[in-house]
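# Topology and contacts: notes
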Amino acid sequence: MVMAQSLFITLRQRRPGPEVDVIAPAWSLPLLERMPEVRRAIPLPVAHGELALGKRWRLGRSLRQRGYQQAIVLPRSAKAALPVLAAGVPRRTGYKGEHRYGLLNDIRPLDRKALYRTVDRFVALGHEADAPLPPPIPEPRLAVTADGRRQARSELGLASDDAPVLALCPGAEYGPAKRWPPEYFAEVARERLAAGWQVWLFGSDKDQPITGGIAKAAPGCTDLAGRTTLAQAIDLLASAAVVVSNDSGLMHVAAATGRPVVALYGSSDPGYTPPLSARARVLYLGLDCSPCFQRECPLGHLNCLRQMHPARVLEAITALHREAS
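These remarks concern the structure in this document. Since the model is a prediction, treat every value here as computed from it, not as a measurement. (Residues numbered from 1 in each chain as written. Predicted model: local features only at pLDDT ≥ 70, side-chain atom pairs only at ≥ 80, totals over all residues. Heavy atoms only, no water.)

## Things to note about the sheet that holds strand β4 (residues 91-95)
Read across the open sheet, the three strands follow the order β3-β4-β5; overall the sheet is parallel. Edge positions in the open sheet fall to β3 (70-72) and β5 (106-108), since each of these has one partner strand only. Across this sheet, the average inter-strand angle for adjacent strands is 15°, counted without regard to direction. Judged from the three bridges that link them, β3 and β4 form a sheet pairing that is parallel. If you follow Q70 over to β4, its bridge partner there is R91. (Pairing = 2+ DSSP bridges. Helix = DSSP H or I, 4+ residues; strand = E, 2+ residues; numbered from the N terminus. Axes fitted to C-alpha atoms, helices over the stretch in contact; angles between N-to-C directions.)

## Topic: a nonpolar patch on the surface
A contiguous nonpolar patch, built from Y116, Y174 and F293 and spanning about 280 Å² of accessible area, is present on the exposed surface. Mapped onto the elements, Y174 comes out in the loop between β6 (165-169) and α7 (182-194). (Patch = residues over 30% accessible without salt bridge, like charges linked within 9 Å, V, L, I, M, F, W, Y side chains within 5 Å. Areas by Shrake-Rupley, 256 points an atom, 1.4 Å probe, with all protein chains shown as cover. Salt bridge = Lys/Arg side-chain N within 4 Å of Asp/Glu carboxyl O.)

## Structural notes on the state of the cysteines
Taken as a whole and assessed by the stated rule, the structure comprises zero disulfides. The thiol sulfur of C169 is not disulfide-bonded, and the nearest other cysteine sulfur, from C221, lies at 13 Å. Given a relative accessible area of 1%, C169 falls into the buried group. C292 carries a free sulfur, and the closest cysteine sulfur to it, the one in C297, is 6.4 Å from it. (Disulfide = S-S within 2.5 Å. Buried < 20%, exposed > 50% of the residue type's maximum accessible area, 1.4 Å probe, protein only.)

## A closer look at the packing of aromatic side chains
The geometry of an aromatic ring pair is captured by the separation of the ring centres together with the interplanar angle, meaning the angle of the planes. If you walk through the whole model with that rule in mind, you get three aromatic pairs. Judged by centre distance (5.3 Å) and plane angle (70°), the ring pair of W180 and Y184 falls under edge-to-face. We classify W180 as buried; its relative accessible area is 1%. Between W180 and F185, the ring centres sit 5.0 Å apart and the planes meet at 80°, which makes this aromatic pair edge-to-face. Linked through ring pairs, W180, Y184 and F185 together constitute an aromatic cluster. Positioned over the ring face of W197 is R192, at 4.8 Å from the centre of the ring. (Phe/Tyr/Trp six-rings, centres within 6.5 Å; stacked < 30°, edge-to-face > 60°. Lys NZ or Arg CZ within 6 Å of the ring centre and 35° of its normal.)

## Here's the deal with the environment of S290
Structurally, the position occupied by S290 is in the loop between β11 (280-284) and α11 (303-306). It is 7.2 Å that separates the C-alpha atoms of S290 and G266, two residues lying 24 residues apart in sequence. Excluding anything up to four places from it in sequence, S290 contacts G266, Y284 and C304. (Contact = heavy atoms within 4.5 Å.)

## Considering the environment of R149
Relative to the helices and strands, R149 is located in helix α6 (residues 146-156). Judged by relative accessible area, R149 falls into the partly exposed class, the value being 27%. The sequence separation of R149 and A311 amounts to 162 residues, and the corresponding C-alpha distance is 30 Å. Beyond its immediate stretch of four places on either side in the chain, R149 contacts V144, D235, A238 and S239.

## Topic: the sheet that holds β6
Ordered by their spatial adjacency, six strands build an open sheet running β8-β7-β6-β9-β10-β11, and the pairing between neighbours is parallel. Whereas interior strands pair on both sides, the edge strands pair on one side only; in this sheet they are β8 (222-223) and β11. Note that strand β10 (residues 261-265) and β11 share five bridges and pair parallel. Its bridge partner lying in β11, V262 is registered against R281.

Structural data, given as structure tokens:
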């Protein structure tokens, strides 16, 4: 969803700039609310992985009177295109995918070489089919206010002192092969705590075993995993001096708040889904076995992350903080 903001910005740059409404899962609405380019977020009443063709069709029918001129369908599934057909949108744009002829009428071939990054693929759909590839990519930027940051701190009972905050995002729902070792996160946390920083740990309730272990190994950390809403997480990440994160959704959110980000890549490819910010620094060893894109290390050693030692991450934190000061 964060990468899709680059498409929304691109659409608004057209002349005349169209109004942009977005059909999206309900969990993502707090992100869309922080995107000034989006006029209206329309919740998709479907669970992840649910076919629910009837629900999708009824949603589309409910939108027929809004007079949309174009619909851009980012997922490559047939079910994703069903609501815009039901809505009667005259121009329905998307990449060639599973059985979508008739559902879409502006079907583009996907040039994987010219459009390697996910964000390139999204943004290209906002241009005409014959436009040069890859397209220019505007950086995502979520709208965050000082009042919002203060309110989030107050709601979570966080200190409002001036000590810099290190935000750590040690989870990655895809699997262990994307997670820097928790003991390394703990070492980084201890070093920054000793230097007078605050350290906040972020994640979902599923990440609590990881963040809990880090907090135990680095007393003084504030474990926020499972305690924040997505909206609060956005505001709190925007309060950090530096964010250190695995390749995860929170990494993209943090980059879109404009904060300095140290992004740690193991089994995944930073060339495919990089943080879209000039203030992000990617750490990636690029071993012969990388990227494997596996959930667990197929060789059993996880060297792509274990050989990325805490000293290297601490050096990146120091450099980014100095640049931002």
